[in-house]
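# Structure assessment
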Amino acid sequence: MSHGPRSGLAAVSSALLAMSRHLEVRDVLKTIVVSARELLDAQYAALGVPDDHGGFAQFVVDGVSDEQWKAIGPLPRRHGILAAMLDDAAPQRLADVRRDPRFEGWPSAHPDLVDFLGLPIRDGDEVLGALFLANKNCPKPDGACGFTEDDEELLGILAQHAAIALTNARLYERSRELTIAEERSRLAHELHDAVSQKLFSLRLTAQAAARLVDRDPARAKGELQQVAELAAEAADELRAAVVELRPAALDEDGLAATLRTQVQVLDRAHSARVTFTGHGVRALPAAQEEAVLRVAQEALHNALRHSGGTHVDVSLERRGNGAVLRVGDDGRGFDPHTVRRAGRHLGLVSMRDRASGVGGRLTVESAPGKGTTIEMEVPGG
Ligand SMILES: Nc1ncnc2c1ncn2[C@@H]1O[C@H](COP(=O)(O)OP(=O)(O)OP(=O)(O)O)[C@@H](O)[C@H]1O
Ligand SMILES: [Mg+2]
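Residues numbered from 1 in each chain as written. Chains lettered and ligands numbered in written order. Predicted model: local features only at pLDDT ≥ 70, side-chain atom pairs only at ≥ 80, totals over all residues. Heavy atoms only, no water.

As annotated in an unreviewed UniProt entry, the chain carries the name Oxygen sensor histidine kinase NreB and is attributed to Streptomyces prasinosporus. Among the UniProt annotations of the chain, the heading Subcellular location (unreviewed entry) holds the following wording: "Cytoplasm". Per UniProt, the chain carries the Catalytic activity (unreviewed entry) text "ATP + protein L-histidine = ADP + protein N-phospho-L-histidine." (UniProt positions renumbered as here; feature names shortened; annotations may be inferred.)

Encoded structure:
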């Protein structure tokens, strides 16, 4: 069977259409191999995508039955003519592959290949794989016709499409990995900012209850109620972080009231005096309210855990269309420049990210012995 220019074009076009209907890269590769074998009228066709260990990550064949494929045994390694296509990115059109000096033989169940046409699949300078055919069906009884230059050109078109399919598959995989990484970091920040803070307060309250239980059972009972409340809140925060809900309290009560409640809870749980003042703040865009709440939580958490201060004051004020949050303590302070940005300290990094994520600004004012003030400004709507 031979193709005139028009029927050849129609066949290529239908092969390309068939490819575009497949989404799985393996299906696309299979379609390319099947189309190549049919269009160029060969007995065997294959496509190999190398891995990093001298073998193949994918190897797709057509013209070989399942039994034959099993009998051949393991996938080929990259040697001989295969290596020439992949390593030198050079097309190989051979009248008899067995007579080529690079030929190194094949397993006993391997079909006997004679005439051979193989092309690298390339994306720029990079070789992504190889597409090859063997044993062109021949109308003449002696069977010695082999692949032509036209065949090489046609196979070149299919190799280009294989390159596109492989590149797309890589891009897709890469973007999926990025999404997973982003999701993981979001979850880490959310758990850090909201949940670990609640658990910290919970631990302190439970310890207080344990100390009081013999001496003052009535107060111990109060502390234990507090433990139950904090545990319920931690559970809510955890659920919110996992399903990416914004804290329900923000929708129900608004930012200022939510902050006030959380401050009251902390005031009761810790020995430091924790206060809140709010002035004339209007509702802000949801993302900004959420960011302010998270930053306040982390700043409070740091003040209660690290500062050793006796007072922590939280304020929320209107500024222009937006708002300013301030969390100040009278504790030991620290030098913000010497905090290592190593993995263990997520808090300050996370606060900065949250502020810039909503077009806001975060400043840390602190010096040893001078206490600490965290200020966050958000632009509003
Ligand atoms: N209000 C504060 N008073 C005193 N020191 C503080 C205060 N806030 C932060 N620091 C110091 O800055 C360091 C970094 O804070 P950051 O919140 O980034 O990390 P962390 O609290 O140590 O750990 P994480 O927040 O990841 O649980 C703290 O370890 C602490 O030494
Ligand atoms: Mg912290």
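### Here's the deal with unusual backbone geometry
Backbone geometry places D41, a non-glycine residue, at a positive phi of 55 degrees. A positive phi angle, near 50 degrees, is found at A89, a position not held by glycine. Considering the arrangement of structural elements, one finds A89 in the loop between α4 (80-87) and β3 (92-94). (Helix = DSSP H or I, 4+ residues; strand = E, 2+ residues; numbered from the N terminus.)

### Some details on the coordination of the magnesium ion (ligand 2)
The protein atoms that coordinate the magnesium ion (ligand 2) are E298 (OE) and N302 (OD1), at distances of 2.1 Å. Of this pair, E298 and N302 both sit in helix α9 (residues 286-307), four residues apart, which is roughly one turn of that helix. A relative accessible area of 16% places N302 in the buried class. (Donors = N, O, S within 2.8 Å, 3.2 Å for Na, K, Ca; no water. Buried < 20%, exposed > 50% of the residue type's maximum accessible area, 1.4 Å probe, protein only.)

### Examining the site of ligand 1
Around ligand 1 there are 16 residues in total, and H192, N302, H306, H345 and L346 lie nearest to it. N302 places a side-chain nitrogen or oxygen 2.7 Å from an oxygen atom of ligand 1. At 2.8 Å from an oxygen atom of ligand 1 is found a main-chain nitrogen or oxygen belonging to L348. The protein chains hide 85% of the 600 Å² of surface that ligand 1 would expose on its own. (Near = heavy atom within 4 Å. Polar contact = N/O pair within 3.5 Å; in protein donor to acceptor, adjacent residues only side chain to side chain. Areas by Shrake-Rupley, 256 points an atom, 1.4 Å probe, with all protein chains shown as cover.)

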